[in-house]
Amino acid sequence: MRLLISFLCGTIFAIGLGISGMTNPEKVIGFLTLSSSWDPSLAFVMIGAIAVHFVSYRLVSRRKQPWLSEKFDIPINRKLETRLFVGAVLFGLGWGLSGFCPGPAVVSSVTLVPKVLIFCAAMLSGFALYNIGSFTLSLRNKA
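Residues numbered from 1 in each chain as written. Predicted model: local features only at pLDDT ≥ 70, side-chain atom pairs only at ≥ 80, totals over all residues. Heavy atoms only, no water.

Details of the overall build of the chain
For clarity, the threshold we go by: The helix count covers DSSP runs of H or I at least four residues long, the strand count covers runs of E at least two residues long, and both are numbered beginning at the N terminus. Note on classification: 1.4 Å probe, protein chains only; a residue is buried when its accessible area is under 20% of the maximum for its type, exposed when over 50%, partly exposed between these limits. Per-residue and other accessible areas follow the Shrake-Rupley method at a 1.4 Å probe size, with only the shown protein chains counted as cover for residues. Positive charges come from Lys and Arg, negative ones from Asp and Glu, while His and the chain ends are left out of the count. A single reference atom marks each charge: NZ on Lys, CZ on Arg, CG on Asp, CD on Glu.
In terms of helices and strands, the chain carries six helices and zero strands. For the chain, the α and β elements follow one another from N to C terminus as α-α-α-α-α-α. Taken along its principal axes, the extent of the C-alpha atoms in the chain is 50 × 40 × 30 Å. The proportion of buried residues among the 143 residues of the chain is 17%. Just so you have it, the chain exposes about 11,300 Å², and 73% of that area is on carbon and sulfur atoms. For the chain, the distance from the average position of its 13 positive side-chain charges to the average position of its 5 negative side-chain charges is 9 Å.

Right under this line is the structure:
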């Protein structure tokens, strides 16, 4: 049941990304480029997403436990660390240079457009490097 609901949520998310234009890198870059041809439409997409999350989070957090899990998995680390800022900068650079962030890139990968596939390969490489670094760090901490 959890897998089916995850698939349905992912499908709804993918459709929303397509309808909103987030899978179109030119539209995203038009939003990120502050010039006379600036396209503010994605700001409305972001505002809508933030509003839905704001309301949903407050409703769901009143529950004692989620529907499909034993407990809520809420991050507890609130420290502003260097790696957080480095990650944010790398994310912003990747988004600005390519016009993709991870979700829309995965949705767009079905097109098999080389630019999208290169971005997805770079993204997966970044995930792997992060996991290798985290694994190495945990080994050092255990020693």
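Re the environment of S138
Within the secondary structure, S138 is located in helix α6 (residues 114-142). The sequence separation of S138 and S125 amounts to 13 residues, and the corresponding C-alpha distance is 20 Å.

Here's the deal with the pattern of salt bridges
What counts is decided by this rule: What makes a salt bridge here is a side-chain nitrogen of Lys or Arg within 4 Å of a carboxyl oxygen of Asp or Glu, nothing more.
Within this structure, the stated rule accounts for two salt bridges. In this structure, D39 and K27 form a salt bridge, with 3.2 Å as the shortest nitrogen-oxygen distance. Taken as a pair, D39 in the loop between α2 (25-32) and α3 (41-60) and K27 in helix α2 lie far apart in primary sequence, twelve residues in all.

What to know about the confidence of the model for the chain
As a reminder of what qualifies: The pLDDT value expresses, per residue, how confident the predictor is, ranging between 0 and 100.
Averaged over all residues, the pLDDT of the chain equals 87, while 99% of them reach at least 70. No element of the chain has a lower mean pLDDT than α6, at 83, and none a higher one than α3, at 92.

A closer look at the nonpolar core
As a reminder of what qualifies: Here, the term nonpolar core denotes a set of buried Ala, Val, Leu, Ile, Met, Phe, Trp, Tyr and Cys residues that are joined through side-chain atoms within 4.5 Å. Here, two residues are considered to be in contact whenever any of their heavy atoms come within 4.5 Å of each other.
Grouped together as the largest cluster of nonpolar side chains are eight residues: L17, M22, V28, F31, L42, A43, W95 and C101. Secondary structure elements with two or more residues in this core: α2 and α3. Apart from residues no more than four positions distant in its own chain, L17 is found in contact with M22, T23, G103, P104 and V107. Core analysis: the second largest hydrophobic core is formed by six residues, A105, F119, C120 and M123 among them.

Some remarks on the environment of S61
Stated precisely, the cut-off is as follows: In protein, a polar contact requires one atom able to donate a hydrogen and another able to accept it; more generally it is a pair of N or O atoms within 3.5 Å, and residues adjacent in sequence count only if both atoms are side-chain atoms.
The residue S61 is located in the loop between α3 and α4 (82-98) in this model. A C-alpha to C-alpha distance of 8.5 Å links S61 and F72, two positions eleven residues apart in sequence. Here Y57 takes part through its backbone oxygen, which lies 2.9 Å from a polar atom of the side chain of S61.

Overview of the packing of aromatic side chains
Convention followed: Between rings of Phe, Tyr and Trp, where Trp is taken as its six-membered ring, a pair exists when centres lie within 6.5 Å; planes separated by under 30 degrees are stacked, by over 60 edge-to-face, and by other angles tilted. We call a charge positioned above a ring when the Lys NZ or Arg CZ atom is no farther than 6 Å from the ring centre and deviates by at most 35 degrees from the ring normal.
Tallied over the full model, the rule gives three aromatic pairs. With 6.2 Å between their ring centres and 35 degrees between their planes, F91 and W95 make a pair best called tilted. Of the two residues, F91 and W95 both sit in helix α4, four residues apart, roughly one turn of that helix. On the basis of relative accessibility, which here comes to 42%, the residue F91 falls in the partly exposed class. The positively charged end of R58 is found above the aromatic ring belonging to F54, 3.9 Å away from the centroid.

Quick look at the packing of α2 against α4
Applicable threshold: Axes here refer to lines fitted to C-alpha atoms; in helices the fit is confined to the stretch in contact. Angles between the N-to-C directions go from 0 to 180 degrees.
Packing of α2 against α4 brings their axes to within 8 Å, and their N-to-C directions diverge by 115 degrees. Counting all contacts with α2, which are made through P25, V28, I29 and L32, the residues of α4 involved are W95, G96, L97 and S98.

Focus: the environment of N77
Position of N77 among the secondary structure elements: in the loop between α3 and α4. Relative accessible area serves as the criterion here: at 48%, N77 is assigned to the partly exposed category. Engagement of the side chain of N77 in a polar contact is seen with the backbone nitrogen of K79, the distance being 2.9 Å.

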